[in-house]
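Structural features, examined
Below, each chain spelled out in residue letters.
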2 protein chains.
Amino acid sequence: MSLSIKDVAKLAGVSVATVSRVMNKKVFVKEETTKKVLDAIEKTGYKPNAIARSLKVKNTKSIGIIIPDISSHFFPDVVRGIEDIANEYSYNIILCNTDLNREKEKEYFDVLVEKQVDGIVYMSNTITDEIADKMASVGIEILLISTDYKELSSITIDNVKAAEDAVKYIISKGVRDIALIGGEMTDPNAGLPRFNGYVKALSEAGISINKDYILEGNYKYESGYEGAKKLLSLKQRPRAIFAASDEMAIGVIRAGLESGYRIPDELMVVGFDDIDMSRMVYPSLTTISQPLYEMGCEGMKLLAKKLHGEKVEQFKIVLEHKLIIRESC
Amino acid sequence: MSLSIKDVAKLAGVSVATVSRVMNKKVFVKEETTKKVLDAIEKTGYKPNAIARSLKVKNTKSIGIIIPDISSHFFPDVVRGIEDIANEYSYNIILCNTDLNREKEKEYFDVLVEKQVDGIVYMSNTITDEIADKMASVGIEILLISTDYKELSSITIDNVKAAEDAVKYIISKGVRDIALIGGEMTDPNAGLPRFNGYVKALSEAGISINKDYILEGNYKYESGYEGAKKLLSLKQRPRAIFAASDEMAIGVIRAGLESGYRIPDELMVVGFDDIDMSRMVYPSLTTISQPLYEMGCEGMKLLAKKLHGEKVEQFKIVLEHKLIIRESC
DNA sequence: AAAGATAATGTAAACGATTACATGAAGGGG
DNA sequence: CCCCTTCATGTAATCGTTTACATTATCTTT
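Bear in mind that the values here come from a model prediction, so they are computed numbers and not experimental data.

1. Quick look at the protein's contact with DNA strand D
Near DNA strand D lie 25 residues; those nearest to it are I5 and S20 of chain A together with T18, R21 and T33 of chain B. Each atom of DNA strand D within 4 Å of the protein was classed as base or backbone; sugar and phosphate made up 68%. One of the side-chain N or O atoms of T18 of chain B is found 2.5 Å from a phosphate oxygen in DNA strand D. Here K30 of chain B contributes a backbone N or O atom positioned 2.8 Å from a phosphate oxygen of DNA strand D. Elements that contribute at least two residues to the surface near DNA strand D include exactly α2 (16-24) and α4 (50-57) of chain A together with α2 (16-24) and α4 (50-57) of chain B. Of the residues assigned to the surface near DNA strand D, the class counts are 11 nonpolar, 7 polar and 7 charged.

Structure below.
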């Protein structure tokens, strides 16, 4: 049904090789012949079959993206960054949601291998040796975003420093009773380093750590809300809460407001991520901005370069975070 | 470098046809032979080349998704729904962001054709005859979400009714000075029908339309904020504002709060979409919920059925919206 | 004008699977 | 015990490109 290069060749009165050559313009074809071929392509509306091409040239111009869940804040922006750059380099992206399920993740890696993607952007769990080795053995380049592993390329921010900056800013406001609603301590990508940053800032300011002020959340709104309720009911309540995600921070704001505290006068809150919601809430949220879109862009640039065989000087890139001062602190 | 079916065949001491047969299990292969083949596959870690397979069987188990921008609220949830069902049916999704740019859109359609996707989920502009015809001619099934066109399959909600429900609810609260911050009137998918629903509700309640109360926004936060500022500075200010998107509604809330109005006592606001932010803001937002995830699921189910040649009874599905009553009204 | 160099195009073998058809082995009926 | 099915597997064509190599046309040079 669909036309092939043969149909075009016949109509143009040339061989298939010639048609292929005018399309790929790597070999010179006489002006006149070129015109005949182009006319035939135009007339038939012929579109080359990329699958056949891929089989021969051994690349697909497709890259896989493995993330936990596109509907969590955080991912859409970085995916958009990836896609924009991918598009510039003529790659398409295959999106895979794992829900952090190792089994699902393994299945996706398998189909991406079978579909012969040229590369994979991974931002899910921490990666395993098994997977890294397998991908290396089939020649699929891996790029990590917001996670890191051995000699693999990665794009990250300095989470320790970022959390430290946030907490130091609070301290600079003259507050010392600062609580943390952190991420999971088992999460080495964000939970742990942000906790460390919090501790570091307090220590350096000579403030002793109060166990009651440290809670573990799951980055979701509800856990921020619940956490704040708990913290605010302490007999010695904190005057500021640093949450390891904006969603949690927004939960904190709500809990604070509900309890009748004026923000920031009576309760300061600082978040992490700078999701777009954070500028919209009232009071708007002081937070740490991760350059999400840029992380996607830089990651995809790096990946594209490696795929094109360019030698890359820096294959572990740490992007700058930024403290965004708004109304909540 | 990577192994092919030949290597497996050699190792197992059988022909490539036999290997193919045990993998596809459409033809019976003796238990004993099967075992030899399976062992060889296991031993070599062989993964079939889906590209080669696609070339022969003429399907790719890939579907394209064309959207304006994955980083706008609205899309991540529906994309997630699509992906979940796609995954069940063993499809992968190729994500394409058009920014509503016709040129980019055309390019994406072209590469999706070249990459031989089995189907396309489209939720961008309104589709054109030219595109619909071209896709039909190359045999690519199209499914529309939240837009509609001629005989194409589609998943939508009843926007007129939804807006009407929202406004009627406001009226039921005893308020009659109701303003609208709508979408673009040139947007036939959402802007126009929601405007119509607003007008319908007012008319049926015998409330005359006040031109000053009708503003056009672009669904973004800022346009809601600006719009509300304008409305609230009217000498005869509205007592309620219906915004055609939650982002705009959140802008309205902020503008209202800044101007010192108590919400909902002095100013009611109702949004549209039920993005997850809407339950987090304070006061939380009364809004119309579109079943985004479900729209993705139902859409992909419909598409998968058509691709499997099942006769589908209903190819235009209108899903139920729901009024979510929260604090803002 | 012939010979050699070069330019333009054609021919056919890949790429790695699937599958129609061919073949050989095993089983069953008379 | 032979012939005919039926079952299991093998052989080779095919999908639509790209590209190494072969061939022919064109251009220099003397």
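Resuming the write-up.
2. Observations concerning the pairing of strand β5 (residues 153-157) of chain A
Residue and element names in this part refer to chain A. Along β5, 5 of the 5 residues are buried, which leaves the element largely enclosed by surrounding structure. Side-chain alternation along β5 places S153, I155 and I157 on one buried face and S154 and T156 on a second face that is also buried. Bridging between strand β4 (residues 141-145) and β5 involves 3 bridges; their strand directions are parallel. Paired with L143 across the bridge in β5 is S153. In this structure, β5 lies alongside strand β11 (residues 316-319), joined through 4 bridges in parallel fashion. The partner of T156 across the bridge, within β11, is V318.

3. Structural notes on the environment of D77 of chain B
Relative to the assigned elements, D77 of chain B resides in helix α5 (residues 75-88). With relative accessibility at 32%, the residue D77 of chain B sits in the partly exposed group. For the pair D77 of chain B and Y293 of chain B, spaced 216 residues apart in sequence, the C-alpha to C-alpha distance is 5.0 Å. Non-local contacts of D77 of chain B, meaning those with residues more than four positions away in its chain, are made with S71 of chain A together with L292 and Y293 of chain B.

4. Some remarks on the interface of chain A and chain B
Many authors give the size of an interface as the accessible area that is lost as the parts come together. Each partner contributes to the interface: chain A provides 57 residues, whereas chain B provides 57 residues. Buried area between chain A and chain B, both sides added, is near 5,000 Å², and the carbon and sulfur share of it is 56%. Three residues, I51, R80 and M280 of chain A, lead the burial of chain A against chain B; their summed loss comes to 14% of the area buried on that side. On inspection of chain A and its partner chain B, the count reaches 8 salt bridges. We note a salt bridge from R80 of chain A to D69 of chain B, for which the minimum N-O separation is 2.9 Å. Breaking the side of chain A that touches chain B down by element, the ones donating at least two residues are α4, α5 (75-88), β2 (92-97), α6 (102-114), α7 (129-138), α10 (221-232), α11 (246-258) and α12 (277-280) of chain A. The biggest single contributor to the side of chain A that touches chain B is α5 of chain A, with 7 residues. Residues of the side of chain A that touches chain B, tallied by class, amount to 25 nonpolar, 13 polar and 19 charged.

5. With respect to the packing of aromatic side chains
Residue and element names in this part refer to chain A. Evaluation of the coordinates by the stated rule reveals 6 aromatic pairs over all chains. The lysine or arginine in question, K61, covers the ring of Y91, its NZ or CZ lying 4.3 Å from the ring centre. Its guanidinium or amino end placed over the ring of F272, R194 lies 3.6 Å from that ring's centre, counting from NZ or CZ.

6. Observations concerning the relation of the copies chain A and chain B
The two copies are related by a screw operation: chain A maps onto chain B through 180 degrees of rotation and 0.0 Å of translation along the axis, at an RMSD of 0.1 Å. Overall, the copies show the geometry of a two-fold rotation axis. Taking C-alpha positions as the reference, the residue of chain A nearest the rotation axis is I94 of chain A, at 2.3 Å. When the interface residues of chain A are mapped onto chain B, 100% of them are again interface residues, pointing to one common binding face.

Rules of the game
Residues numbered from 1 in each chain as written. Chains lettered and ligands numbered in written order. Predicted model: local features only at pLDDT ≥ 70, side-chain atom pairs only at ≥ 80, totals over all residues. Heavy atoms only, no water. Near = heavy atom within 4 Å. Polar contact = N/O pair within 3.5 Å; in protein donor to acceptor, adjacent residues only side chain to side chain. Helix = DSSP H or I, 4+ residues; strand = E, 2+ residues; numbered from the N terminus. Nonpolar A, V, L, I, M, F, W, Y, C, P; charged D, E, K, R; others polar. Buried < 20%, exposed > 50% of the residue type's maximum accessible area, 1.4 Å probe, protein only. Pairing = 2+ DSSP bridges. Contact = heavy atoms within 4.5 Å. Buried area = accessible area lost by both parts, 1.4 Å probe. Salt bridge = Lys/Arg side-chain N within 4 Å of Asp/Glu carboxyl O. Phe/Tyr/Trp six-rings, centres within 6.5 Å; stacked < 30°, edge-to-face > 60°. Lys NZ or Arg CZ within 6 Å of the ring centre and 35° of its normal. Least-squares fit on C-alpha atoms with pLDDT ≥ 70 in both.

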